[in-house]
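Fold and geometry: a report
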Amino acid sequence: MGLLSGMMGNASKLDPRAAAQEFGRLLAQGEQVHAAYQLVRDSFLFTDRRLILVDKQGMTGKKVEYHSVPYRAITQFSVETAGHFDMDAELKIWVSSGDAPISKQFGKGVDVYEVQALLAAFVAR
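Residues numbered from 1 in each chain as written. Predicted model: local features only at pLDDT ≥ 70, side-chain atom pairs only at ≥ 80, totals over all residues. Heavy atoms only, no water.

1. A few points about the overall build of the protein chain
Put simply, the test is: Each helix is a run of DSSP H or I of at least 4 residues and each strand a run of E of at least 2, with the numbering of both proceeding from the N terminus. Any pair of residues with heavy atoms lying within 4.5 Å of one another is described as a contacting pair. Computed with the Shrake-Rupley method and a 1.4 Å probe, the accessible areas treat only the protein chains shown as cover for residues.
Secondary structure assignment for the protein chain yields three helices and eight strands. For the protein chain, the α and β elements follow one another from N to C terminus as α-β-α-β-β-β-β-β-β-β-α. Here the contacts in the protein chain between residues at least 6 apart in sequence split such that 37% fall between residues at least 24 apart. When the accessible surface of the protein chain is totalled, it reaches about 7700 Å², and 53% of it is carbon and sulfur.

As structure tokens, then:
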């Protein structure tokens, strides 16, 4: 991931196997990571069971919040593609227990249609 893209909050794609190895302690037995993305220090993973948001906090990033969202709790989602002057795409996910959506920015190199297809497949189950 480019430093400028990371500083602007844009996500870049991670190898799902590497993400599964790094965050393996979070996964249930048999749970598989299908896709993973990383911001500067934060990550989010799409598994076959849930969306996992990893929020590293503080100066050192030692304090970490792991937020799990079961796909059944997602009521709607939207994807906004990048434009000519707007270099990033945006993903918004609404969860049944909240009013404001979870919002993530993707760099132009990330296939936002792939992200949308993953969500559609998991949420529609």
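2. Description of the pattern of salt bridges
Quick reminder of the rule: Salt bridge, as used here, is a side-chain nitrogen of Lys or Arg placed within 4 Å of a carboxyl oxygen of Asp or Glu.
Inspection of the entire model under this criterion finds three salt bridges. Residues glutamate 114 and lysine 13 are paired through a salt bridge, measuring 2.5 Å at the closest nitrogen-oxygen approach. You can see glutamate 114 sitting in helix α3 (residues 112–123) and its partner lysine 13 sitting in strand β1 (residues 10–14), a full 101 residues away along the chain. In this structure, arginine 17 engages aspartate 15 in a salt bridge whose closest nitrogen and oxygen atoms are separated by 3.7 Å.

3. A few points about the packing of aromatic side chains
Our working definition: Only Phe, Tyr and Trp rings take part, Trp by its six-membered ring, and two of them pair if their centres are within 6.5 Å. Stacked means planes under 30 degrees apart, edge-to-face means over 60, and tilted covers everything else.
Using the criterion set out here, one finds four aromatic pairs in the structure. Ring centres 4.7 Å apart and planes at 15 degrees place the aromatic pair tyrosine 71 and phenylalanine 122 in the stacked group. Of the two residues, tyrosine 71 sits in the loop between β5 (63–70) and β6 (74–80) while phenylalanine 122 sits in helix α3, which places them 51 residues apart along the sequence. Among the aromatic side chains, those forming a connected cluster through ring pairs are Tyr37, Phe44 and Phe46.

4. Quick notes on the pairing of strand β8 (residues 102–106)
Working note: regular strand, side chains alternate between the two faces of the sheet. Stated formally: When a residue's accessible area, from a 1.4 Å probe over protein chains only, is under 20% of the maximum for its type it is buried; when over 50% it is exposed; and in between it is partly exposed. DSSP-based pairing: two strands are paired if at least 2 bridges between them are found.
A one-sided burial pattern is seen for β8, the buried positions being Ile102, Lys104 and Phe106 and the unburied ones Ser103 and Gln105. Where strand β7 (residues 89–95) lies against β8, five bridges are found, and the strand directions are antiparallel. Across the sheet, the residue bridging to alanine 89 is phenylalanine 106, located in β8. Linking β7 back to β8 in an antiparallel pair, the connection comprises six residues.

5. Regarding the nonpolar core
How we decide: The term nonpolar core refers to a set of buried residues drawn from Ala, Val, Leu, Ile, Met, Phe, Trp, Tyr and Cys, joined through side-chain atoms within 4.5 Å.
Counting residues in each nonpolar core, the largest one holds 22 residues, and the members touching the most others are Tyr37, Phe46, Leu51 and Phe106. Where this core is concerned, the elements lending two or more residues are β2 (33–38), β3 (43–47), β4 (50–57), β7, β8 and α3.

6. As for α3
Selection rule: To estimate the expected span of a helix, count its residues, drop one, and scale the result by 1.5 Å. Regarding the arc, it is the one traced by the directions from the helix axis to the C-beta atoms.
Relative to the 16 Å expected for twelve residues at 1.5 Å per residue, α3 spans 16 Å between its end C-alpha atoms, a close match to the ideal helical length. Turning to α3, its buried residues number three or more, namely Val112, Val115, Leu118, Leu119 and Phe122. Taken end-on, α3 shows its buried residues confined to a sector of 120 degrees, consistent with a single buried face. Looking at the buried residues of α3, the elements they touch are β2, β3, β6, β7 and β8.

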